[in-house]
Amino acid sequence: MSSNRVTIRPRRRCPLHFLPLGGCGEIGMNLGLYGYGEDWVAVDCGMMIRQDLPDTPLQVPSLETPEALGIHPKALFITHGHEDHIGAAAWLWPKWQCPIYATPLAAGLLRAKFHERGLSSDAIQVIEAGEALECSPFSLRYLPLTHSIPESCALLIAAGEYRVLHTGDWKLDPEPLVGPPIKSSTFRALAPLDLVVGDSTNAPMPGHSRSEGDVARALEHRLSQCAGRVVVTCFASNLARVLAVAQAAERCGRRVSLMGRAMERMVMVARGLGYLEEMPALVPVSDLGYLPPDEVLVIATGSQGEPRAALSRLAHGRHQSFELMAGDTVLFSAKAIPGNEYQIERLKQALGRLDVAIWDEFNHPELHASGHPAQDELRIFYDWVKPRHLLPVHGERRHQQAHQELAESMGIQAPLAPVNGDLIRLDAEGLSLESRHPQRPCIVTQNSISPLPGLAADRGSSRHGILYLALSIASTGTGWTRIGRLMIDAHGVSAMDEESFTDWLDERLEAIAVETLAELRSALQPQITAWMAQHLRQLPDIHLQLIAVETPAYR
């Protein structure tokens, strides 16, 4: 008697997808999309300031790729309130019209941005750290950790059988000043995880990042040595630093004033939520002229050289109520974000012409603490959560590669260093690159978003021409020098003064102290773009080729 044998095949697991649109291969403008089946959610929605372009416009992620792929997120989840995680939401959310979930401080900052643009903030919903919510087929939980702004959270994202930890920005700080330190038990309970999508910003750095408590003590020590008036510049969102500066000033007999709209708004929102209760009373900037110089301290925006920020206005004598003079001190309690070095150096040169003392990360590194994990912190954290796979995000290529190497040394699989537009698949076989979608920069101009001219996704379709630059260079030890003639090949580019450009280029090469061609290209490309934008009617698509040669020997 025959019988039919039925073969039961195991059900294939639906893959989980990750599509970064910002924050991969760069620092800032973080936005990532997670997909399971036909459903997608977005995590963070940040912007960056393009200091390499005229008028330093805002750049936001492009939504061309998700629109082309039919991706419409069901919800937007915010990890914390920094501009590079929330700054684009008011510009991009109108295309999504989805619920936005954020902790109270980030929600308050988002509401202010929505109101500025005349948008209803009804979609913004407050969620407390530690809470969980459903957005089928996704389950998410906000997990508190320490960073340079209160209420920063990692997101535990579960879909199907996958469990992913999206860390956001974090560090292990035993003394964060504002908010509690991280609880290791919270994260140990997650192990093992399928995937960590993790912060790479400080992955090349050995050791452990400095605590905010250590910075507070160093600030008080240094402020006690200052004569004349003091201006401290830091990120407005670093409330622990703002509090530490204000308390140190009070203990040193100084009155505190805030300068810059972003600083004033951040402090106002934080105080409304019960933060900064120990901050001393503030003095209006307009009243500082009535105080002796050694009783004045100003906390100002502009640590990254932003031309419209408070510190830049002070450096150029353009503030209506306050003027820096010889003998004053400007203290940079912030580290330069990669790409902003040139603008910061110009700011310091302007301050130097006023004969003020400048203290920064180079001559007084103890006055700043990074908000991101160095290598020892990454190892500790990954030992807690025990991920099988890692995707390094929030960093340039060198940061991501260092993160990969560290993970692999711990037995964590990290085969990919994604760039914006990479559609990544996680399935039973691990991580793989499914497709690549190059991203076109989008700039906020007036009250709209438009692609950056000359940087079209299709290189052959640039309407403003293509400019090819090739130069042979050699290291001088302190900078670089051009060897031979600069090769310029322009197609459809408006007339340019090649002699002026060559003279300018030679000066810039001498001033760029980096070791590798990759670092030189990263430093030089935005400066060339800025020069072209200032001297040409329309910005072309710029292709830069660098060729290393030996320095000629002269006898």
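Right above here is the structure, for reference.
Just so you know, these numbers come straight off a predicted model, no measurement behind them. (Residues numbered from 1 in each chain as written. Predicted model: local features only at pLDDT ≥ 70, side-chain atom pairs only at ≥ 80, totals over all residues. Heavy atoms only, no water.)

**Concerning the sheet that holds strand 17 (residues 329-332)**
Two orientations exist for strands paired in a sheet by backbone hydrogen bonds: parallel and antiparallel.
Step number 1: The five strands are arranged 15-16-14-17-18 in an open sheet whose pairing can be described as parallel. One side of each edge strand has no neighbouring strand; the edge strands of this open sheet are strand 15 (255-259) and strand 18 (357-359). Geometrically, the sheet is characterised by an average inter-axis angle of 20 degrees between neighbouring strands, direction not taken into account.
Step number 2: Across the sheet, helix 8 (residues 261-272) is in contact with strand 15 and strand 16 (296-300); its angle to strand 15 comes to roughly 115 degrees. (Pairing = 2+ DSSP bridges. Helix = DSSP H or I, 4+ residues; strand = E, 2+ residues; numbered from the N terminus. Axes fitted to C-alpha atoms, helices over the stretch in contact; angles between N-to-C directions. Contact = heavy atoms within 4.5 Å.)

**Here we look at the state of the cysteines**
Step number 1: The final tally for this structure, using the stated rule, is zero disulfides.
Step number 2: Summary of cysteine pairing: Cys24 is not part of a disulfide, and the nearest cysteine sulfur, belonging to Cys45, is at 15 Å.
Step number 3: For Cys24, a relative accessible area of 4% translates into the label buried.
Step number 4: Free of any disulfide, Cys226 has its nearest neighbouring cysteine sulfur in Cys252, separated by 8.4 Å. (Disulfide = S-S within 2.5 Å. Buried < 20%, exposed > 50% of the residue type's maximum accessible area, 1.4 Å probe, protein only.)

**Side note on the pairing of strand 20 (residues 422-427)**
Step number 1: Most of strand 20 sits out of view: five of its six residues are buried.
Step number 2: Alignment of strand 1 (residues 16-22) against strand 20, held across three bridges, turns out to be antiparallel. Paired with Leu16 across the bridge in strand 20 is Leu426.
Step number 3: In terms of strand pairing, strand 20 meets strand 21 (residues 430-436) through six bridges, oriented antiparallel. Along strand 21, the bridge assignment pairs Asp422 with Arg436.
Step number 4: Linkage of strand 20 to strand 21, two consecutive antiparallel strands, is achieved through a turn of two residues.

**Observations concerning the environment of Gly327**
Step number 1: Along the polypeptide, Gly327 turns up in the loop between helix 9 (310-315) and strand 17.
Step number 2: With relative accessibility at 47%, the residue Gly327 sits in the partly exposed group.
Step number 3: Between the alpha carbons of Gly327 and Pro293 there is a distance of 9.7 Å; along the sequence they are 34 residues apart.
Step number 4: The contact partners of Gly327, leaving out residues within four places of it in the chain, are Ala227, Gly228 and Asp355.

**Comments concerning the nonpolar core**
Step number 1: Ranked by internal contacts, the top residues of the largest apolar core, which has 73 residues, are Leu76, Leu110, Phe114, Leu297 and Ile299.
Step number 2: At nine residues, the largest contribution of residues to this core is made by helix 7 (residues 239-251).
Step number 3: With residues up to four places along the chain from it excluded, the contact list for Leu76 reads Ala42, Val43, Asp44, Cys45, Ala89, Trp96, Cys98, Pro99, Ile100 and Tyr101. (Core = buried A, V, L, I, M, F, W, Y, C linked by side-chain atoms within 4.5 Å.)

**Some thoughts on the packing of aromatic side chains**
Step number 1: This model, assessed by the stated rule, comprises eleven aromatic pairs.
Step number 2: Among the aromatic side chains, those forming a connected cluster through ring pairs are Trp170, Phe187, Phe381, Tyr382 and Trp384.
Step number 3: Over the ring of Trp91 we find Arg117, and its NZ or CZ is 3.8 Å from the ring centre.
Step number 4: Directly above the ring of Phe322 sits Arg229, whose terminal nitrogen or CZ lies 4.6 Å from the centroid. (Phe/Tyr/Trp six-rings, centres within 6.5 Å; stacked < 30°, edge-to-face > 60°. Lys NZ or Arg CZ within 6 Å of the ring centre and 35° of its normal.)

**Section: the side chain of Ser148**
Step number 1: Examined against the element boundaries, Ser148 turns out to sit in the loop between strand 10 (138-144) and strand 11 (153-159).
Step number 2: With near-sequence residues (within four places) excluded, Ser148 lies in contact with His82, Ser237, Asn238, Leu239 and Gly371.

**Comments concerning helix 8**
Residues three or four positions apart in an α-helix share a direction because the helix packs 3.6 residues into each turn.
Step number 1: Taking 1.5 Å of rise per residue, the twelve residues of helix 8 would be expected to cover 16 Å, and the 16 Å separating its terminal C-alpha atoms lies within 8% of that figure.
Step number 2: Taken together, the buried positions of helix 8 are occupied by Met263, Arg265, Met266, Val267, Val269 and Ala270.
Step number 3: Of the residues one or two after helix 8, Gly274 is the one with positive phi, at around 95 degrees. (Expected span 1.5 Å × (residues − 1).)

**Some points on the sheet that holds strand 10**
Step number 1: With mixed pairing, six strands are arranged side by side in an open sheet as 9-10-11-12-13-19. Looking at the sheet topology across the chains shown, the edges are occupied by strand 9 (132-135) and strand 19 (387-393). The mean angle between the axes of side-by-side strands here comes to 20 degrees, regardless of whether they run parallel or antiparallel.
Step number 2: Note: strand 11 against strand 12 (residues 162-166), five bridges, orientation antiparallel. Pairing of Ile157 across the sheet is with Val164, part of strand 12.
Step number 3: Sheet strands in contact with helix 11 (residues 375-385) are strand 12, strand 13 (193-199) and strand 19, and its direction is about 160 degrees off that of strand 13.
Step number 4: Its contacts with the sheet put helix 12 (residues 397-409) on strand 13 and strand 19, and the angle it makes with strand 19 is roughly 165 degrees.

**Overview of the pattern of salt bridges**
Step number 1: Per the counting criterion, the structure on display carries 20 salt bridges.
Step number 2: For Arg241, the salt bridge identified is with Glu212, shortest N-O distance 2.7 Å. Note that Arg241 is positioned in helix 7 and Glu212 in helix 6 (residues 212-223), a separation of 29 residues in sequence. One exposure class covers both Arg241 and Glu212, and it is buried.
Step number 3: A single salt-bridge network, built from bridges that share partners, covers Glu175, Asp214 and Arg217. (Salt bridge = Lys/Arg side-chain N within 4 Å of Asp/Glu carboxyl O.)

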